Amino acid sequence: MKLFKRKPRITDDNYGKLMTSFGRIVDVDPMIGRPAAALAERTVREHAALAEAVDARLYQGAAVYHLRLLAGAWIMAREGGIPAATAEVFEEAVAWKFGPLAKHAARLPRRLSTLARGEQERDLAVSDD
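Right, let's walk through the structure included here. Because the structure is predicted, anything quoted here is derived from the model rather than measured.

Basis of the calculations
- Residues numbered from 1 in each chain as written.
- Predicted model: local features only at pLDDT ≥ 70, side-chain atom pairs only at ≥ 80, totals over all residues.
- Heavy atoms only, no water.
- Helix = DSSP H or I, 4+ residues; strand = E, 2+ residues; numbered from the N terminus.
- Expected span 1.5 Å × (residues − 1).
- Buried < 20%, exposed > 50% of the residue type's maximum accessible area, 1.4 Å probe, protein only.
- Polar contact = N/O pair within 3.5 Å; in protein donor to acceptor, adjacent residues only side chain to side chain.
- Core = buried A, V, L, I, M, F, W, Y, C linked by side-chain atoms within 4.5 Å.
- Contact = heavy atoms within 4.5 Å.
- Axes fitted to C-alpha atoms, helices over the stretch in contact; angles between N-to-C directions.
- Parallel < 35°, antiparallel > 145°, perpendicular 65-115°, else oblique.
- Left-handed = near helix turned anticlockwise from the far one by under 90°.

As for helix H2 (residues 30–46)
Thought 1: Look at H2: 24 Å from first C-alpha to last across 17 residues, which is about the 24 Å you get at 1.5 Å a residue.
Thought 2: Listed in full, the buried residues belonging to H2 are Ile-32, Gly-33, Ala-36, Ala-37, Leu-39, Ala-40 and Thr-43.
Thought 3: Measuring from the side-chain oxygen of the N-cap residue of H2 to the backbone nitrogen of Met-31 gives 2.9 Å; that N-cap residue is Asp-29.

Put into structure tokens, the structure is as follows:
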């Protein structure tokens, strides 16, 4: 992951624009939306207490929704649809949004990004879900 010379300045306005932009793409394209949903759901399962804390401060399902859009950004970046820097900025933005909501909540977008970038060995076990 490329390190910023300085962190991007994130505001509620530009966070909303990122959410709207990625929401329009990720939610419409099943080839992005389904893998993104799987990554978000796995992250939420791994860190259920943090996700519940985020949901309690925002709305039910907020953690998985924001993480799904972030995963979609990483998928698009891997396919060359957007620059990787855009996904990196979105990761920082989600961490910015989640950070004040609960102690260590910024771990959620970090973990999802690690999974989405393929920086960890995949779990190929079949689940009973």
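Points about the nonpolar core
Thought 1: In this structure, Phe-22, Phe-90, Phe-98 and Leu-112 are the most contacted members of the largest nonpolar core, which totals 36 residues.
Thought 2: Contributions of two or more residues to this core are made by helix H1 (12–26), H2, helix H3 (48–57), helix H4 (62–79), helix H5 (84–98) and helix H6 (107–116).
Thought 3: Looking at which element gives the most residues to this core, the answer is H4, with 10 residues.
Thought 4: Ignoring sequence-local partners within four residues, the contact set of Phe-90 consists of Tyr-15, Leu-18, Met-19, Phe-22, Leu-69, Leu-70 and Ala-73.

Some points on the packing of H4 against H5
The description of two packed helices rests on the angle between their axes and on the distance between the axes.
Thought 1: Contact pair H4 / H5: the axes reach a minimum separation of 8 Å and the direction vectors enclose 165 degrees. By the angle between their axes, H4 is roughly antiparallel relative to H5. The crossing of H4 and H5 is left-handed. Touching Ala-63, His-66, Leu-67, Leu-69, Leu-70, Ala-73, Trp-74 and Ala-77 of H4 are Ala-84, Ala-87, Glu-88, Phe-90, Glu-91, Val-94 and Phe-98, all from H5.

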